[in-house]
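Chains, contacts and geometry: an overview
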Amino acid sequence: MAVARVDRPRPAAAAPGAGGEDGERAGASALARRHRRTRRLTALAFVAPLVVYLAAFYVYPLYRNLDLSLRDYTVRSFVAGDAPFSGWDNFRKVLDDPTFGPAMRHTMIFTLVSIVFQYVIGLALAVFFDRHFRLSTVLRALFLIPWLLPLIVSASTWSWMFNSESGVVNYLLHLLGVAPVGWLTSPNWALTSVIIANIWIGIPFNLVILHSGLQNIPAELYEAASLDGAGTWQQFRRITFPLLRPVSAITLLLGLVYTLKVFDLIWIMTKGGPGDSSSTLATWSYQLGFGTLLPRFGPGAAVGDILILIALVFGLLYIRVQRRQEA
Amino acid sequence: MIRTRRSLLAASAAIGTLLSLTACGGGSDSAGSSGSAGGTYTFWDPYPQFDASSAWGKRVAECGTKAGVTVKRTAYDTTDLGNKALLAAQQGNAPDVMMVDNPVVSTLVEAGILNKTSDLGLDTSSIQKNIIGAGTLDGSAYGVPIGANTLALYYNKKVLSDAGVDAASIKDWSSLTAALKKVKAAGKKGITFSAINTEEGSFQFLPWFWGAGGDLTQLDSGQGVAALTLWKQWVDAGYAPKDVLQNTQTTSWQEFATGDYAFGENGTWQLGNADKAGFEYGVINIPAQKGGSAPVPTGGEFVTVPVQKDTGRYDVSKKIVTCLTSAANLLASDTTLTYVAPTSAVQTQQVAQNPELKPWVSAVAAARGRTSGGLGTKYPTISQQMWTAVQSALSGGKSPESALKTAQSAAEKGSS
């Protein structure tokens, strides 16, 4: 999860052959060439496992997915492996589908709202825990629990809590004299409910990354600022926030990609329902491919491609922003 | 240099993390069988709840021994089995014998991976027409039903008598709704069922849909609207809880088992749990709109023999299938699985052994296959639209009419 970068110095150029005579020089350079070749082979041997790994687990599935989305697969041609090439048909079908609009809108709302709240709450908690008060480590560890729980456990728990008949959330509302809310059964609330659960799950990730970013801000800056009479808010605005910008950017990008593809949480809590009021591109893709008795692999894969494309666009956007910051 | 490297990193992070999703699209599964080893025959079923030491596990092993081979049994989750079968067939390593949920049979036939029972020489003449119907396409059967289960209404005797309702008086929809009203007035809860947005939701809705006289090729007919209006009216009036939208048949059963509900729509497979519920219960058939029993959908698996390259294996496969499904052995198989047998002779034996099964046998007699009547692989598309319509109507998003109208046009578009 953490982004590690190893910058090694380039290998020094092969030592030039010493000596004055031509023959001797030719011999030396042949030796150097052989030397260089074995070196290159060794390098290749080191890279090979990675390349094989990338090809087997990244390139091939990606290629297969693209292939699925560009062919007209029925169950028969899926088994026989002779599905005809159908160009953009699957994409056209998906874009024309009345589910597409709502699914796209839900995906965007789900992703953006989740990220904003995860980031703001994560940052607030990170700043809070940066103060090193008593028990702060224990408390911080407790905040990591959502991250440690298997998703099926937390999603089922949220689903029980939000149950409209016997859920603890409605019970609390009842104690406060508020009418019960159909958290997962009303089309107006289902998306909100899954977003709330997703925010809760995403906070620890933001907290951890931003907290580690805070550790890298030199304490002298704060000392100097307070000598100059800067208040807490000013210190946060003028020092903490600007210096956290690179960490924030990568946190937001990773958060975005993770949130775009969230599937299990929604599937466990609402299955995209009621109706399609909480369906996102991810759940819809699964629904198409595996959700009914008759799988529709082509359109399902097409929706998957669209998701990748969206993530890619944001990835490129991140790179641009990064460039501008470094320039 | 550094910059491009970081760019690459960001881009690959973006792509990489999405891969877990796309891998579903085209992943192939090699964890299947590698059958052809001498005397080992592979057998798949959707009963992960039964391990090798269970009565069912022992039965399967025994049938292998009788056929002179070792049976390697693998149990998958029922929702998983259809896709697993397709993938295995694509890789050319389908199991020798496979038990699948009946509506999946037509999908697998469409994929061309099942043998006709007539080609294998299996005798299916004694099996009730409506039960084998789900696995019959263009007049040919593609599997042997091991048994059938179906839906009926469980009722809580105490809740009904406290509310002054006589279960025998429930003959049609209006008497049922009247009973629910009385139960609610007595401070108890009316009825629970499953209206979840999966196949289970359609399965539970069908008795009402068919009970109104609805036809699956015309979801938005007046009959279809009547059935959905009945459910919606129950939810709106508080006779049924809002969370039916999330209920699977298991969670719906758990609600009924709390003892607060008068009725629960559920299946044969809950009989064992019903005895443990701690209150007296009864079972009535689901009423049709204007009286009589509603046609209910059949549940239950078919024993099928997938196509193999090595046709020499069929002889032994046939022996295994016969061992599990022949008239003489059905009683044992169905008692093990708590299914109603697919032949009337065995049904009579079952009722003699356990009188509780009586209403279930009559329900099965009136049952229909979901994919029967030439629907075949059109059914999955229709079913998906149907459960979506049920969800949007019950959640209050749409009226039953407009929900079913949307469903009908989407179903027509989807199957074209």
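Quick caveat: nothing in here was measured; it's all calculated off a predicted structure.

Description of the overall build of chain A
Within chain A one finds 15 helices and zero strands. Here the C-alpha atoms of chain A give a radius of gyration of 27 Å, more than 25% beyond the 20 Å that 2.2 N^0.38 yields for 327 residues. Based on the C-alpha atoms only, the size of chain A along its principal axes is roughly 100 × 75 × 30 Å. The proportion of buried residues among the 327 residues of chain A is 36%. For chain A, restricting intrachain contacts to residue pairs at least 6 apart in sequence, the fraction spanning at least 24 positions comes to 65%.

Some remarks on the packing of helix α3 (residues 89-96) of chain A against helix α15 (residues 297-326) of chain A
Residue and element names in this part refer to chain A. Where α3 meets α15, the axes come as close as 9 Å, and the angle between the chain directions of the two elements is 75°. For the element pair α3 / α15, the angle class is roughly perpendicular. Of the residues in α15, those touching α3 at Asn-90, Phe-91, Lys-93 and Val-94 are Gly-298, Pro-299, Ala-302 and Val-303.

Here's the deal with the packing of helix α4 (residues 100-129) of chain A against helix α9 (residues 190-215) of chain A
All names here are of chain A. With their axes 6 Å apart at the nearest point, α4 and α9 run at an angle of 40° to one another. One finds that α4 runs oblique with respect to α9. In this structure, α4 meets α9 at a crossing whose hand is right-handed.

Observations concerning unusual backbone geometry
Following A:Gly273, the chain continues into A:Pro274 via a peptide bond in cis, with omega recorded as -5°. Structurally, A:Pro274 can be placed in the loop between α13 (264-269) and α14 (281-290). Phi is positive for B:Asp138, which is not a glycine, with a value near 50°. Here B:Asp138 shows up in the loop between β4 (136-137) and β5 (140-141). What makes B:Asp138 exposed here is the crowd of 7 C-beta atoms within 10 Å. Its identity is not glycine, yet B:Thr338 carries a phi of approximately 45°, on the positive side.

What about the UniProt feature "transmembrane region" (unreviewed entry) in chain A?
Residue and element names in this part refer to chain A. Within this structure's numbering, the places UniProt gives as "transmembrane region" (unreviewed entry) are residues 41-60, 108-129, 141-161, 189-210, 247-269 and 297-319. Here residues 141-161 is 86% helix and 0% strand, with 23 Å between the C-alpha atoms at its ends. Taken end to end, residues 189-210 comprises 95% helix and 0% strand; its first and last C-alpha atoms sit 31 Å apart.

Calculation rules
Going along each chain's sequence as written, the residues are numbered from 1 onward. Numbering of ligands from 1 and lettering of chains from A proceed in the order in which they are written. Reporting in this predicted model follows two pLDDT cut-offs: at least 70 for local features of residues, and 80 or more for side-chain atom pairs to be given and counted; totals over whole chains, interfaces and linings ignore these cut-offs and use all residues. Labels follow the DSSP assignment, with helices taken as runs of H or I lasting at least four residues and strands as runs of E lasting at least two, numbered in each case from the N terminus. Just to be clear, the radius of gyration here is over C-alpha atoms, and the globule rule we use is 2.2 Å times residues to the power 0.38. Here a residue counts as buried when 20 or more other C-beta atoms sit within 10 Å of its C-beta, as exposed when there are 12 or fewer, and as partly exposed otherwise, the C-beta atoms being derived from the backbone. Placing a C-beta atom from the backbone of each residue, one calls two residues in contact when those atoms lie within 7 Å. For helices, the axis comes from a line fit to the C-alpha atoms of the stretch in contact; other axes are also lines fit to C-alpha atoms, and the angle between any two N-to-C directions lies between 0 and 180 degrees. The labels follow the angle: roughly parallel below 35 degrees, roughly antiparallel above 145, roughly perpendicular from 65 to 115, and oblique for the rest. By definition, any crossing whose near helix is turned counterclockwise from its far helix by less than a right angle is left-handed, and any crossing with a clockwise turn is right-handed. UniProt positions are given in the numbering used here, feature names are shortened, and annotations may be inferred rather than shown by experiment.

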